[in-house]
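# Summary of structural features
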Amino acid sequence: MRSFTAAEQDEWLWGWDSTPGIVSVWADMSGRALIWRRLIATGELVREETRFRLWALLPSLELLSHLGDGLVHAAPGEEPHGAIAYHHLEGPGRFAYFVSADDGRALESALLAGASARLGRKISRLGELEDEAALYLQPEEQYLVTSGRTYFRDLPFDALRRLQFDLETTGLNPERDAIFLVSVKDSSGLETTLDVAEKGLTGPAAEADLIRRLCALICERDPDVIENHNLHGFDLPFLVTRARIHGVRLTLGRVPHLTVKERAAGRGYRAWGDESDAEPDGERPRAVRYAIPGRELIDTLDAVRRYDFAVRDLPGHGLKAVARHFGLAPADREYVQGDQIYATWTRDPDRVRHYALDDVREVAGLARMLGGAAFALAQMAPRRYERLADAGPATGVLDPLLVRAYLRAGEALPAHAKGDGVEHTGAALYLFAAGVARRIVKADVSSLYPSLMRQYRISPRSDRLGALLALVDRLVEARLAAKARAKTLPPGSSERYTDEALSGAMKILVNSAYGYLGAVGLTRFADVDAANEVTARGRDLLALMCRELAARGVTLLEADTDGVYFAVPTGWDEERERATVAEVAALLPPLVKLEFEGRYAAMLSHQPKNYALLTYDDKLLLRGVAFRSSRSEPYGEAFLRRAVACLLRDDIPGVRAVYVETLDRLRARLIPTEQVAITARLTKTPTIYEASRAQRREMAYEALLAAGRTKWSRGERVRVYRATGGAAALLEDNGEGAPADPRNYDVAYYVRLLRETFAARLERAFTPDDFATLFADPQQPSLFAPPVEAIQPTLTPLLDPRDLV
DNA sequence: TTGTCGCGGGG
DNA sequence: GTGTACGCGACAA
């Protein structure tokens, strides 16, 4: 294997051109690149126009042989003007020829002519070439890869000029509904709203004028970045559609004669399909996103999804829920329900203005809080900022980094790895014991898989340069440095924010290196065997940790992938717990760091990945579908929470009391109807349900029909419950926004549900006899039942750690 | 019950 | 010319 200096490997991660402050790049096939830069010292915006050579990688020169003398050899870096040039790349990789031209259209037509001749039919787009016939990127990415430039060098996040806008519309369908207000905020102090009523115009003319004023305002404020929540899924497609309907040109960018451009995307906006009754035949339309020259379009929904993917603690992904979760919502935040916004506007326009401004303020806060990672990625990878903000880390970031690294090293790139049928094996999951245990410790290995890749030098077979591991090594080191630097800087400062963002971005990349290996068909250097070696090492390591912990006298409860829960003997203090974890950690390979993650007073282990924990400050944590499901009836969830809390506090009579009390309240109908109802989302129209009703009756629709409702729309949410006699019933509103409360629910049914569905989640904590006693019906007393006070929860061993191979 | 597909968001 | 994962709910078999 060739060896590379640290400086060369740094170039793989960061590129090599030090041009600072690039905030946007727009390039086309003609070989023109427009680059907007902010001068670090003054914040002034400058625009540069430059020429670059478009390029592609080919397996051979066959497609260009028809050029004869028109195809010239040129050493790397040489740029023979007017000619199509090539040079050979080293190594066994498929893409061994680098070809380039001043004008990408000339290169493209030469390739198309060659392909047409070879295949004997007209080929008119590069996309029609067979797989792996050529490797080519978007013009902007070609420019960034060969120039070694990246976005945002030396630029703090807060130096970006950012603007947020939010449309308020009469509904969700852009073909039918209209924009009536837009709120706008930017990072230089603007906060304003535009609306249809301002200019004395009405009807279509007023909306068209509103769109023109929005374009003018955005161009005047001239932001580098435009942000909103669901920007690509709602605001942009809505704006584009309304502008088209009114014949208004959307001049939002920094090149006057260029308007909004569509690009294909996996997620984004799909025309039609929301509420149309008859599904159109054939393919669903492709999702599209939009691009604007000179500005980066950032959707905070992408940042929220990326955050929640790692942390998994958000109540939902909507703007309001996320803003509240992060404490970004002001105390006097105005809320208006989505379908009430237009009606509110007609009565109380100021309230809607306030609401819409709160929206853009929250978006600005959210974009800063979560947008740092993509900003930092854009300082490394050769792609536009907006692409890095919505890309997956493996295909969207690591793959482009590797392509740039190989070209920089003059090395041929391999074809996309294809699956060879080898199954991808997963992580280990063990349930050692079920029931109740006390004095719980959680220990885990952070970043287990990348640590194993580094420890055992596991890399893709086709990665001749060892570039993936080199990137992971450098990322791990650079991340430690960035974290350490951040700690020395003032909290909340721009500098600290920038280092924290860098550390976050690096963590994302490091943790995606393993996913990269397993993404067969998606990533260029995927290698299932290497991925399987990582998981196999991971399983061995988890088994080793478990055996060594057990050998030190603790009781193992559950282990999953990279972490383990166990109970320690009576009398151990935290110091002894930590010392035990440290002892086992010392037995592991040096790059694998086992850490003490937390300690808890008690745990109910129910099923794999389903458990309850009681913290030492008496907080109850429920994990897994058995304990928290949006489908559960609220009275049952409430019972379960209270009963589990009693159980973990060792208050068995309390468990019994909660059960008896819930039964009594059900029988006396003291529990509000809303507590026994579940929310259902309607997916069938009345016509469709009518057609299937004979075969199968569904509770939600039966409830609607029983309530005399024959019309409803798809997507509507209704609350339903089982009324006396077992009939499905609809829980309607009481007219004041709260649910009605007829209390005519089927008591016998909900009594049975309490025992068979909810109490059953505590079954593994007791012997069968004790469980029967504890959840016996007080209306059917048994003569032989032992006293509840005598019952002790149990812990049932299921798997001996010594049996782990 | 089990397998497959689609969604999450926006007014 | 794109390409996540995860957990859940709806539907069909």
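Residues numbered from 1 in each chain as written. Chains lettered and ligands numbered in written order. Predicted model: local features only at pLDDT ≥ 70, side-chain atom pairs only at ≥ 80, totals over all residues. Heavy atoms only, no water.

### A closer look at the overall build of chain A
Across its full length, chain A carries 23 helices and 25 strands. For chain A, the C-alpha radius of gyration of 31 Å lies close to 28 Å, the compact-globule estimate for 805 residues. Along the first, second and third principal axes, the C-alpha set of chain A runs to 105 × 75 × 60 Å. Residue burial in chain A is summarised as follows: out of 805 residues, 51% are buried. (Helix = DSSP H or I, 4+ residues; strand = E, 2+ residues; numbered from the N terminus. Rg over C-alpha atoms; globule rule 2.2 N^0.38 Å. Buried < 20%, exposed > 50% of the residue type's maximum accessible area, 1.4 Å probe, protein only.)

### Observations concerning the protein's contact with DNA strand B
Around DNA strand B, the structure places 20 residues, and the nearest of them are Glu168, Thr169, Asn230, His317 and Leu319. For DNA strand B, a sugar or linking oxygen lies 2.6 Å from a polar atom in the side chain of glutamate 168. Here the surface near DNA strand B gets four residues from one element, more than from any other, and that element is strand S8 (residues 162-169). Of the residues assigned to the surface near DNA strand B, the class counts are six nonpolar, seven polar and seven charged. (Near = heavy atom within 4 Å. Polar contact = N/O pair within 3.5 Å; in protein donor to acceptor, adjacent residues only side chain to side chain. Nonpolar A, V, L, I, M, F, W, Y, C, P; charged D, E, K, R; others polar.)

### Examining the packing of helix H1 (residues 6-14) against helix H12 (residues 393-408)
In the contact formed by H1 and H12, the axes pass within 8 Å of each other and the chain directions differ by 140°. For the element pair H1 / H12, the angle class is oblique. Every pair of crossing elements has a handedness; the one defined by H1 and H12 is right-handed. For the pair formed by H1 and H12, the contact residues are Glu11, Trp12, Leu13 and Trp14 on the first element and Leu401, Arg404, Ala405 and Arg408 on the second. Here the contact of H1 with H12 is built from residues that sort into five nonpolar, no polar and three charged. (Axes fitted to C-alpha atoms, helices over the stretch in contact; angles between N-to-C directions. Parallel < 35°, antiparallel > 145°, perpendicular 65-115°, else oblique. Left-handed = near helix turned anticlockwise from the far one by under 90°. Contact = heavy atoms within 4.5 Å.)

### Concerning helix H16 (residues 528-551)
Compared with the 34 Å implied by 1.5 Å per residue over 24 residues, the 34 Å span of H16 between its first and last C-alpha is a close match. Where H16 begins, one side-chain oxygen reaches toward the backbone nitrogen of aspartate 529, 3.0 Å away; that side chain belongs to aspartate 527. Positioned one or two residues after H16, glycine 553 has a phi angle of 90°, which is positive. (Expected span 1.5 Å × (residues − 1).)

### Comments concerning the packing of H12 against helix H14 (residues 467-488)
Close contact between H12 and H14 brings their axes to 10 Å; oriented N to C, the two are set at 115°. In terms of their interaxial angle, H12 and H14 are classed as roughly perpendicular. Seen from above, H12 lies across H14 with right-handed handedness. Every residue of H14 that contacts H12 at Leu398, Leu401, Leu402, Ala405 and Tyr406 is listed here: Ala467, Leu468 and Leu471. Classifying every residue of the contact of H12 with H14 gives eight nonpolar, no polar and no charged.

### Thoughts on the sheet that holds S8
With mixed pairing, five strands are arranged side by side in an open sheet as S10-S9-S8-S11-S14. Edge positions in the sheet fall to strand S10 (191-195) and strand S14 (296-299), since each of these pairs with one other strand and no more. With direction set aside, neighbouring strand axes in the sheet form an average angle of 25°. Bridge analysis of strand S9 (residues 179-186) against S10 gives five bridges, and the strand direction is antiparallel. When the sheet's bridge partners are listed, valine 182 is paired in S10 with leucine 194. This element, helix H5 (residues 231-246), spans S8, S9, strand S11 (225-228) and S14 of the sheet and lies at about 70° to S8. (Pairing = 2+ DSSP bridges.)

### Some words on the sheet that holds strand S24 (residues 728-731)
Ordered in space as S22-S23-S24, the three strands form an open sheet in which the pairing is antiparallel. The strands lining the two open edges of the sheet, one partner per strand, are strand S22 (678-681) and S24. Strand-to-strand twist of the sheet, defined as the mean angle between neighbouring strand axes without regard to direction, takes the value 45°.

### Observations concerning unusual backbone geometry
Backbone geometry at phenylalanine 152 places phi at a positive 65°, although glycine is not the residue there. Checked against the element boundaries, phenylalanine 152 lands in the loop between helix H3 (139-147) and S8. Phi angles above zero are rare outside glycine, and arginine 457 is one such case at about 50°. Tracing the backbone through its elements, the reader meets arginine 457 in the loop between helix H13 (448-455) and H14.

### Examining the side chain of aspartate 770
Counting through the fold element by element, aspartate 770 comes out in helix H23 (residues 768-774). For the buried aspartate 770, no salt bridge exists, and the shortest N-O distance to an oppositely charged side chain is 12 Å, to arginine 656. Ignoring sequence-local partners within four residues, the contact set of aspartate 770 consists of Ile791 and Gln792. (Lys, Arg positive; Asp, Glu negative; His and termini not counted. Salt bridge = Lys/Arg side-chain N within 4 Å of Asp/Glu carboxyl O.)

### A word on H14
Residues separated by three or four positions in an α-helix point in the same direction, a consequence of the helix having 3.6 residues per turn. The first and last C-alpha atoms of H14 sit 32 Å apart over 22 residues, in line with the 32 Å expected at 1.5 Å per residue. Those residues of H14 that fall on the buried side of the exposure criterion are Ala467, Leu468, Leu469, Ala470, Leu471, Val472, Asp473, Arg474, Leu475, Arg479, Ala482 and Ala486. Its buried side turned inward, H14 meets H1, H12, H13 and helix H15 (494-518).

### Quick word on the pairing of S14
Burial along S14 is two-sided: the face carrying Glu296 and Ile298 and the face carrying Leu297 and Asp299 are both buried. Sheet topology note: the S11/S14 ladder contains four bridges and is parallel. Residue pairing in the sheet places valine 225 in a bridge with glutamate 296 of S14.

### Things to note about the packing of aromatic side chains
Tallied over the full model, the rule gives 26 aromatic pairs. Centroid distance tryptophan 55 to phenylalanine 98: 5.5 Å. Interplanar angle 20°. Geometry classified as stacked. With a gap of 43 residues between them, tryptophan 55 in strand S4 (residues 54-58) and phenylalanine 98 in strand S7 (residues 97-101) connect regions that are remote in the sequence. Given the relative accessible area of 12%, phenylalanine 98 is considered buried. With centroids separated by 5.0 Å and ring planes inclined at 80°, the aromatic side chains of phenylalanine 152 and tyrosine 385 adopt a geometry described as edge-to-face. Placement of the pair is phenylalanine 152 in the loop between H3 and S8 and tyrosine 385 in helix H11 (residues 385-390), with a sequence separation of 233 residues. (Phe/Tyr/Trp six-rings, centres within 6.5 Å; stacked < 30°, edge-to-face > 60°.)

### Observations regarding the pattern of salt bridges
Inspection of every chain in the model, using the stated rule, returns 63 salt bridges. Between arginine 47 and glutamate 49 there is a salt bridge, and its shortest N-O distance comes to 3.7 Å. Of the residues examined, arginine 47 reaches a relative accessible area of 44% and is grouped as partly exposed. Linked by salt bridges that have partners in common, Arg38, Asp222, Asp224, Arg254 and Arg295 make up one network.

### What about empty space enclosed by the protein?
Evaluation of the coordinates by the stated rule reveals one cavity of 30 Å³ or more. Lining the largest cavity are 15 residues, with Ala303, Leu370, Gly371, Ala374 and Ala389 sitting closest to its centre. Only S14, helix H6 (300-311), helix H9 (349-370), helix H10 (372-378) and H11 provide two or more residues apiece to the lining of the largest cavity. A per-class count over the lining of the largest cavity returns nine nonpolar, two polar and four charged. (1 Å grid on protein atoms, 1.4 Å probe; cavity = no way out; pocket = protein on both sides within 12 Å on 5 of 7 lines; lining within 4 Å. Points joined across faces, edges and corners; volume = space filled by probe spheres on them.)

### A word on the nonpolar core
One finds Tyr385 and Phe566 to be the most contacted residues of the largest nonpolar core, which totals 111 residues. Cys646, Ile671, Tyr749 and Phe775 belong to the second largest nonpolar core, which has 48 residues in total. (Core = buried A, V, L, I, M, F, W, Y, C linked by side-chain atoms within 4.5 Å.)

### Thoughts on the environment of glutamate 44
Note that glutamate 44 resides in the loop between strand S2 (32-38) and strand S3 (45-51). Look at glutamate 44 and you get partly exposed, because its relative accessible area is 44%. Setting aside residues no more than four positions away along its own chain, glutamate 44 makes contact with Arg37, Arg38 and Leu39.

### Brief notes about the state of the cysteines
The tally for this structure, following the rule as stated, stands at zero disulfides. Of all cysteine sulfurs, the one in cysteine 219 lies closest to cysteine 215, which takes part in no disulfide; the gap is 6.6 Å. (Disulfide = S-S within 2.5 Å.)

### Remarks on the pairing of S7
The buried fraction of S7 amounts to four of the five residues, a majority that puts the element mostly inside the structure. Sheet topology places S4 next to S7; five bridges connect them, and they run antiparallel. Within S7, the residue paired with leucine 54 across the bridge is alanine 101. Examined bridge by bridge, strand S6 (residues 84-88) and S7 share four bridges and lie antiparallel to one another. Its bridge partner being in S7, tyrosine 86 is matched across the sheet by valine 99.

Any functional reading would require information that these geometric values do not contain.
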